[in-house]
Amino acid sequence: MNIVDFLQNHTANAKQTAEFRHARFSQEAGEDVVFKIQSLRFDELEEIKRCHEEDSEVYSLLEGMVEPSLKNPELLRKYKVSGYDELVKAIFLPGEITRISAQIVALSGFRKDTIEEIKKN
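Residues numbered from 1 in each chain as written. Predicted model: local features only at pLDDT ≥ 70, side-chain atom pairs only at ≥ 80, totals over all residues. Heavy atoms only, no water.

**Here's the deal with the confidence of the model for the protein**
The pLDDT averaged across the protein works out to 89; a share of 95% of its residues lies at or above 70. Across the protein, the element-wise mean pLDDT spans from 80 in helix H1 (residues 3-9) up to 96 in strand E2 (residues 34-38). (pLDDT = per-residue confidence, 0-100. Helix = DSSP H or I, 4+ residues; strand = E, 2+ residues; numbered from the N terminus.)

In C-alpha coordinates form, the structure reads like this:
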(Lines give C-alpha, C1' and ligand atoms only; values in the text may rest on other atoms or scores of the structure.)
Protein backbone atom coordinates (compact mmCIF):
# COMPACT_ATOMS: atom_id res chain seq x y z
CA MET A 1 0.00 0.00 0.00
CA ASN A 2 1.37 3.42 -0.85
CA ILE A 3 1.15 6.38 1.50
CA VAL A 4 -1.71 8.10 -0.40
CA ASP A 5 -3.84 4.95 -0.21
CA PHE A 6 -3.09 4.67 3.48
CA LEU A 7 -4.02 8.29 4.18
CA GLN A 8 -7.27 7.98 2.23
CA ASN A 9 -8.32 5.07 4.46
CA HIS A 10 -6.92 6.44 7.70
CA THR A 11 -9.18 7.81 10.45
CA ALA A 12 -7.60 11.14 11.28
CA ASN A 13 -7.24 12.65 14.72
CA ALA A 14 -8.79 9.87 16.77
CA LYS A 15 -8.35 10.84 20.42
CA GLN A 16 -5.97 8.67 22.40
CA THR A 17 -6.77 7.85 26.02
CA ALA A 18 -4.75 6.55 28.94
CA GLU A 19 -5.36 5.83 32.61
CA PHE A 20 -3.00 6.57 35.45
CA ARG A 21 -2.94 6.03 39.18
CA HIS A 22 -2.57 9.16 41.27
CA ALA A 23 0.02 8.27 43.92
CA ARG A 24 -0.87 10.89 46.57
CA PHE A 25 -4.63 10.41 46.30
CA SER A 26 -4.25 6.62 46.28
CA GLN A 27 -2.17 6.76 49.46
CA GLU A 28 -4.74 9.02 51.15
CA ALA A 29 -7.69 6.84 50.02
CA GLY A 30 -6.00 3.53 50.89
CA GLU A 31 -6.89 2.22 47.41
CA ASP A 32 -6.08 3.07 43.81
CA VAL A 33 -7.43 6.41 42.62
CA VAL A 34 -7.35 6.27 38.82
CA PHE A 35 -7.77 9.15 36.38
CA LYS A 36 -8.42 8.89 32.65
CA ILE A 37 -6.85 11.44 30.31
CA GLN A 38 -7.16 12.03 26.58
CA SER A 39 -5.06 13.57 23.87
CA LEU A 40 -5.93 17.02 22.59
CA ARG A 41 -6.22 18.03 18.95
CA PHE A 42 -3.94 20.63 17.39
CA ASP A 43 -6.67 23.30 17.40
CA GLU A 44 -7.45 22.65 21.07
CA LEU A 45 -3.80 23.02 22.10
CA GLU A 46 -3.41 26.16 19.98
CA GLU A 47 -6.51 27.69 21.58
CA ILE A 48 -5.15 26.93 25.05
CA LYS A 49 -1.79 28.52 24.20
CA ARG A 50 -3.44 31.56 22.62
CA CYS A 51 -6.01 32.24 25.34
CA HIS A 52 -4.24 30.98 28.46
CA GLU A 53 -0.53 31.40 27.83
CA GLU A 54 0.41 31.75 31.50
CA ASP A 55 -1.80 28.88 32.70
CA SER A 56 -1.55 26.57 29.68
CA GLU A 57 -0.73 23.56 31.89
CA VAL A 58 -3.85 24.14 34.00
CA TYR A 59 -6.08 24.38 30.92
CA SER A 60 -4.42 21.38 29.24
CA LEU A 61 -5.23 19.35 32.34
CA LEU A 62 -8.76 20.74 32.47
CA GLU A 63 -9.44 19.86 28.82
CA GLY A 64 -7.52 16.58 28.79
CA MET A 65 -8.97 15.05 31.97
CA VAL A 66 -11.81 12.68 31.03
CA GLU A 67 -12.57 10.96 34.33
CA PRO A 68 -13.35 12.58 36.59
CA SER A 69 -14.66 15.57 34.69
CA LEU A 70 -13.19 18.64 36.33
CA LYS A 71 -15.99 20.72 34.83
CA ASN A 72 -18.31 19.63 37.60
CA PRO A 73 -20.29 22.40 39.37
CA GLU A 74 -20.49 20.30 42.54
CA LEU A 75 -16.70 20.32 42.78
CA LEU A 76 -16.70 24.13 42.41
CA ARG A 77 -19.01 24.38 45.42
CA LYS A 78 -17.08 21.78 47.44
CA TYR A 79 -13.74 23.56 46.93
CA LYS A 80 -15.36 27.02 47.20
CA VAL A 81 -13.82 28.36 43.98
CA SER A 82 -15.45 30.38 41.21
CA GLY A 83 -13.70 28.96 38.13
CA TYR A 84 -12.60 25.60 36.83
CA ASP A 85 -9.03 26.83 36.48
CA GLU A 86 -9.09 27.63 40.21
CA LEU A 87 -10.54 24.18 40.86
CA VAL A 88 -7.56 22.49 39.17
CA LYS A 89 -5.22 24.55 41.36
CA ALA A 90 -7.21 23.67 44.48
CA ILE A 91 -7.25 19.92 43.82
CA PHE A 92 -3.73 19.31 42.53
CA LEU A 93 -0.29 20.33 43.73
CA PRO A 94 1.69 22.52 41.29
CA GLY A 95 4.03 19.66 40.38
CA GLU A 96 1.09 17.34 39.79
CA ILE A 97 -0.45 19.84 37.36
CA THR A 98 2.83 19.97 35.44
CA ARG A 99 3.22 16.16 35.35
CA ILE A 100 -0.38 15.40 34.35
CA SER A 101 -0.36 18.14 31.72
CA ALA A 102 2.89 16.72 30.33
CA GLN A 103 1.22 13.30 30.03
CA ILE A 104 -1.69 14.85 28.12
CA VAL A 105 0.69 16.70 25.80
CA ALA A 106 2.72 13.51 25.25
CA LEU A 107 -0.46 11.58 24.47
CA SER A 108 -1.16 14.31 21.90
CA GLY A 109 2.02 13.41 20.03
CA PHE A 110 4.52 15.80 21.57
CA ARG A 111 7.74 14.83 23.32
CA LYS A 112 7.95 11.45 21.64
CA ASP A 113 9.47 10.20 18.44
CA THR A 114 6.86 9.90 15.71
CA ILE A 115 9.12 9.51 12.71
CA GLU A 116 12.28 7.50 12.14
CA GLU A 117 15.01 8.19 9.63
CA ILE A 118 15.56 5.39 7.15
CA LYS A 119 19.27 4.90 6.70
CA LYS A 120 20.40 3.39 3.43
CA ASN A 121 23.67 1.53 3.12
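Read on, since the account is not over.
**What about unusual backbone geometry?**
For the bond from Glu67 to Pro68, the omega torsion is 0 degrees, close enough to zero to count as cis. Along the chain, Pro68 falls in the loop between strand E3 (65-67) and helix H5 (73-79). For Lys80, which is not glycine, the phi dihedral falls at a positive 55 degrees. Within the secondary structure, Lys80 is located in the loop between H5 and helix H6 (84-91). Lys80 gets classed as exposed once you look at its relative accessible area, which sits at 73%. (Buried < 20%, exposed > 50% of the residue type's maximum accessible area, 1.4 Å probe, protein only.)

**What to know about the pattern of salt bridges**
Applying the stated criterion across every chain yields a total of ten salt bridges. Residues Arg24 and Glu96 are paired through a salt bridge, measuring 2.8 Å at the closest nitrogen-oxygen approach. Residue Arg24 is found in helix H2 (residues 23-29), and its partner Glu96 is found in helix H7 (residues 94-107); the two are separated by 72 residues along the sequence. Look at Glu96 and you get buried, because its relative accessible area is 14%. (Salt bridge = Lys/Arg side-chain N within 4 Å of Asp/Glu carboxyl O.)

**A few points about the sheet that holds E3**
The antiparallel open sheet is built from three strands, whose spatial order is E1-E2-E3. A strand with exactly one partner marks an edge of an open sheet, and here the two such strands are strand E1 (17-21) and E3. Direction aside, the axes of adjacent strands within the sheet are offset by 35 degrees on average. When E1 meets E2, the two strands line up antiparallel, connected through five bridges. Across the sheet, Thr17 pairs through a bridge with Gln38, a residue of E2. Together, E2 and E3 form the strand contacts of helix H4 (residues 56-64), whose direction differs from that of E3 by roughly 35 degrees. (Pairing = 2+ DSSP bridges. Axes fitted to C-alpha atoms, helices over the stretch in contact; angles between N-to-C directions. Contact = heavy atoms within 4.5 Å.)

**A closer look at the pairing of E2**
Bridge analysis of E2 against E3 gives two bridges, and the strand direction is antiparallel. Across the sheet, Lys36 pairs through a bridge with Glu67, a residue of E3.

**What to know about the nonpolar core**
In this structure, Leu61, Met65, Leu70, Val88, Phe92 and Ile100 are the most contacted members of the largest nonpolar core, which totals 22 residues. Of all the secondary structure elements, the ones that give two or more residues to this core are E2, helix H3 (42-51), H4, H6 and H7. Sequence-distant contacts of Met65, defined by excluding residues within four places in its chain, comprise Phe20, Phe35, Lys36, Ile37, Leu70, Phe92, Ile100 and Ile104. (Core = buried A, V, L, I, M, F, W, Y, C linked by side-chain atoms within 4.5 Å.)

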